[in-house]
Amino acid sequence: MRSWPVPVRCVWRSDVAWAALGGVLGLVFLVSSWSWLAPVPLALLFREIPRRTPTDTFKLTWLFGAGFFAAHLLWLPSSLSGFLGPGAVILSALLIALFMRLVDLSTVATAMPAITRGLHASLVGTMWVHTAYLLSYAIPLIISGRLGDRFGTRRIFVIGMLVFTFASLGSGLSINVGMLIAFRVCQGLGSALMAPQSMTLITQLFPPQERGRALGLWSATSGAATLIGPILGGVCIDHFGWHSIFFINLPIAAIGLWQTMHAMPRLPHTTTRIDWVGVALSGIAMTLIVFGIQEGRTYHWGAIRGVISVPLLIGLGVVTMIVFLLWQGHLGRTAGQPLIPLRLFRQHNFCLGILAVAFVGTYVPAVTLVPTMYLQQARGLTPTKASLLLIPASLFSVLLSPVAGRVVQRRSSGRVGAFGTGAVATVCLLWLALMTDATPLWVFLLVTVLMGVGSAFVWPPISWTTSHDLAHEDAGAGSSVYNTTRQIGQVIGSAIIATTLDWRTSAAPNLARGFGQSMLVPMIGALIAFSATLFFNDYGRRT
């Protein structure tokens, strides 16, 4: 019988103190009046290193760096205050929660082989560790935004973070794959409660002239999590075991919760009643659609058991969603209180923004997955080298997203979004043309730079334009529709690119060209999103 893993196995004896010393050094660099203290923790670190083995030295340095990073998280509101004023503390809490969720998602993907070995699980069981999270995240999104409107955005956000945090602890302590899947479901529910509230808070707390900057930082944080997640996951798995990827959420969540409770205001909420019929209909529809698309390839898009098949589930899900929308329309006409007020779709920019984010969602999985597989399988690069070759995309996205946010405030967001989606479509075309056995690898560095530049100018303008005209009472519902559409787009995009890869890699004259031809799918998605952004209303210049 396997023993329970102990969280403190990641550290040993008094070495927690070295993380604290790293935090001291972080504060030293952040608070100039304490700069004379900088040599103290560094001297202690360098004095200790010669006494350690190489492995212990790595762990010691890692703990020191973790403390340094934690200090920067604590000081994040002060570093943002000059950029966003009094809303900096609130935004920092939202950014920390976003960073935690995205890093968790990418580190779990990296840890799949280690989880399979560590829990002696089957491949199907391990895949459900990922699938269970996606299902439990996507299904409640329509509902969770409305819960914030009804019970308070801050309250639902805090509940979501607490659920995610305790589920992370449970995931790290799991002793079998069934237990891990159950806690991953809870993590997905926590994420689903947090995600719409974040967009709602940005919409309600930041006026339009500042919202572009906030969304730019939001996009930069997403890029940073994409860059750091796989690297952090690999280091934790190699040196501390797969359990540690869940434990790293705990201190990050503690900082985010402290900032939320300390600074986030209690916003007024409505007294609307919850539409439980709509909750049931939307939950059934989302379950059938997302499960059918997510697991369609597993069952070869055919029968699952008896008369139950993947097309039947998806079809029933679509019909149930139509019934849900008709019910929402009925409530709107009879002075009821629908989950999704259909008046949202009378707004020109909201409709175009939802269309754009749906097709952006379809290309997001492919623009990372296909190049990674090409570099490893067709060109023979190791996973580490392939990741390093693609790092410029995340790096330039992080650096330019705040710039994109400022540009959104000063120019038409439609034109900014068209630049970003057009650049992504161009990158997909370049991958399609250049994925051969002979293309010099340095060429792909230039392509990934262009990808990073384009990505930086996608999310801020689309998010800002979609939420710009939402009334206060519709912010939660609008955020739910936005997040749900994006998630369904990603699920559909993942299924389509997986099927296309199987088809083209077996039919193309060689493996490299098969990967290249598969990039036609994300290029089409980017072009449709590009077309939608061209028709955004022009808000004119903002100063």
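Residues numbered from 1 in each chain as written. Predicted model: local features only at pLDDT ≥ 70, side-chain atom pairs only at ≥ 80, totals over all residues. Heavy atoms only, no water.

## Thoughts on the overall build of the chain
Regarding its fold elements, the chain presents 22 helices and two strands. In the chain, buried positions account for 54% of the 543 residues. Restricting the contact set of the chain to residue pairs at least 6 apart, pairs at least 24 apart contribute 82%. Counting every atom, the chain has about 23,200 Å² of accessible surface; 70% of that belongs to carbon and sulfur. (Helix = DSSP H or I, 4+ residues; strand = E, 2+ residues; numbered from the N terminus. Buried < 20%, exposed > 50% of the residue type's maximum accessible area, 1.4 Å probe, protein only. Contact = heavy atoms within 4.5 Å. Areas by Shrake-Rupley, 256 points an atom, 1.4 Å probe, with all protein chains shown as cover.)

## Topic: the side chain of T421
Structurally, the position occupied by T421 is in helix α17 (residues 413–434). Looking at T421, the relative accessible area reads 0%, which means it is buried. A distance of 2.9 Å separates a polar side-chain atom of T421 from the backbone oxygen of G417. Leaving out residues up to four positions away in the same chain, T421 has contacts with V360, V458, A526, A529, F530 and T533. (Polar contact = N/O pair within 3.5 Å; in protein donor to acceptor, adjacent residues only side chain to side chain.)

## Points about the packing of helix α21 (residues 511–518) against helix α22 (residues 520–534)
When two helices pack together, their arrangement is given by the angle between the helix axes and the distance between those axes. Interaxial distance between α21 and α22 falls to 4 Å at its minimum, and their mutual angle equals 15°. Compared by their axis directions, α21 and α22 come out roughly parallel. Along the contact surface, α21 presents G516, Q517 and S518, while α22 presents L520, V521 and P522. Here the residues of the contact of α21 with α22 are counted per class, giving three nonpolar, three polar and no charged. (Axes fitted to C-alpha atoms, helices over the stretch in contact; angles between N-to-C directions. Parallel < 35°, antiparallel > 145°, perpendicular 65-115°, else oblique. Nonpolar A, V, L, I, M, F, W, Y, C, P; charged D, E, K, R; others polar.)

## Let's talk about α22
With 15 residues, α22 extends 21 Å from end C-alpha to end C-alpha; this agrees with the ideal 21 Å at 1.5 Å per step. If you check which residues of α22 are buried, you get P522, M523, G525, A526, A529, A532 and T533. (Expected span 1.5 Å × (residues − 1).)

## A look at empty space enclosed by the protein
Under the counting rule described, the total for this entry stands at two cavities of 30 Å³ or more. Listed by contribution, the elements that provide at least two residues to the lining of the second largest cavity are α19 (459–467) and α20 (475–507). (1 Å grid on protein atoms, 1.4 Å probe; cavity = no way out; pocket = protein on both sides within 12 Å on 5 of 7 lines; lining within 4 Å. Points joined across faces, edges and corners; volume = space filled by probe spheres on them.)

## Section: the packing of aromatic side chains
For the coordinates displayed, the defined rule picks out six aromatic pairs. Between F345 and F350, the aromatic rings sit 5.7 Å apart at their centres with planes inclined by 75°, giving edge-to-face as the arrangement. Here Y374 and F444 contribute two aromatic rings whose centre-to-centre distance is 5.6 Å and whose plane-to-plane angle is 75°, an arrangement assigned as edge-to-face. Here F444 lies in helix α18 (residues 441–456) and Y374 lies in helix α15 (residues 348–378), a separation of 70 residues in the sequence. For the residue pair Y374 and F444, the accessibility class agrees, reading buried in each case. Among the aromatic side chains, those forming a connected cluster through ring pairs are Y374, W431 and F444. (Phe/Tyr/Trp six-rings, centres within 6.5 Å; stacked < 30°, edge-to-face > 60°.)

## A short note on a nonpolar patch on the surface
A cluster of nonpolar side chains, namely I159, V163, V185 and L189, defines an oily patch on the protein surface of about 260 Å² accessible area. Put simply, the parts of the chain that give the nonpolar patch at least two residues each are α8 (153–172) and α9 (177–205). (Patch = residues over 30% accessible without salt bridge, like charges linked within 9 Å, V, L, I, M, F, W, Y side chains within 5 Å. Salt bridge = Lys/Arg side-chain N within 4 Å of Asp/Glu carboxyl O.)

## Observations concerning unusual backbone geometry
Most peptide bonds take the trans form, and the phi angle of most residues other than glycine is negative. For H300, which is not glycine, the phi dihedral falls at a positive 55°. Locating H300 in the fold gives a position in the loop between α13 (276–295) and β1 (303–305). For H300, a relative accessible area of 69% puts it in the exposed group. Of note in the backbone geometry, W301 takes a positive phi value of approximately 55° without being a glycine. Note on placement: W301 falls in the loop between α13 and β1. By relative accessible area, which is 34% here, W301 ends up partly exposed.

## What about the packing of α15 against α19?
One can describe the packing of α15 onto α19 by two numbers: an axis separation of 8 Å at closest approach and a directional angle of 150°. Handedness of the crossing formed by α15 with α19: left-handed. Along its contact with α15, which presents N349, F350, G353, I354, A356, V357, V360 and V364, the element α19 presents W459, I462, T465 and T466. Taken together, the residues of the contact of α15 with α19 break down into eight nonpolar, four polar and no charged. (Left-handed = near helix turned anticlockwise from the far one by under 90°.)

## Examining the nonpolar core
Among the nonpolar cores identified, the biggest contains 125 residues, and I202, I340, V370, Y374, L375, W431 and I462 are the most heavily contacted of them. Counting residues per element, this core draws most heavily on helix α5 (residues 88–118), at 15 residues. If sequence neighbours within four positions are ignored, V370 has contacts with M435, I497, L501, F515 and M519. (Core = buried A, V, L, I, M, F, W, Y, C linked by side-chain atoms within 4.5 Å.)

## Some remarks on the side chain of S309
When you line up the elements, S309 lands in strand β2 (residues 308–309). Judged by its relative accessible area of 16%, S309 is buried.

## Re the environment of A404
Residue position: A404 is located in helix α16 (residues 383–410). C-alpha separation for the pair A404 and A456, spaced 52 residues apart in sequence, amounts to 6.5 Å. Non-local contacts of A404, meaning those with residues more than four positions away in its chain, are made with A456, F457 and P460.

## What about the confidence of the model for the chain?
The pLDDT averaged across the chain works out to 77; a share of 79% of its residues lies at or above 70. Segment residues 1–14 is flagged for pLDDT under 50; beyond a separation of four residues in sequence, or across chains, it makes 27 contacts in the model. Contacts of residues 24–42 to residues separated by more than four positions or lying in other chains number 23 contacts, the stretch itself having pLDDT below 50. (pLDDT = per-residue confidence, 0-100.)

## Topic: α9
Given a rise of 1.5 Å per residue, 29 residues ought to cover 42 Å, and the 41 Å separating the end C-alpha atoms of α9 matches this to within 8%. At the N-terminal boundary of α9, the capping side chain belongs to N176, with an oxygen 3.2 Å from the backbone nitrogen of G178.

## A look at the environment of E473
As for its position among the elements, E473 is in the loop between α19 and α20. The spatial distance from the C-alpha of E473 to the C-alpha of R150 is 9.7 Å, given a sequence separation of 323 residues.

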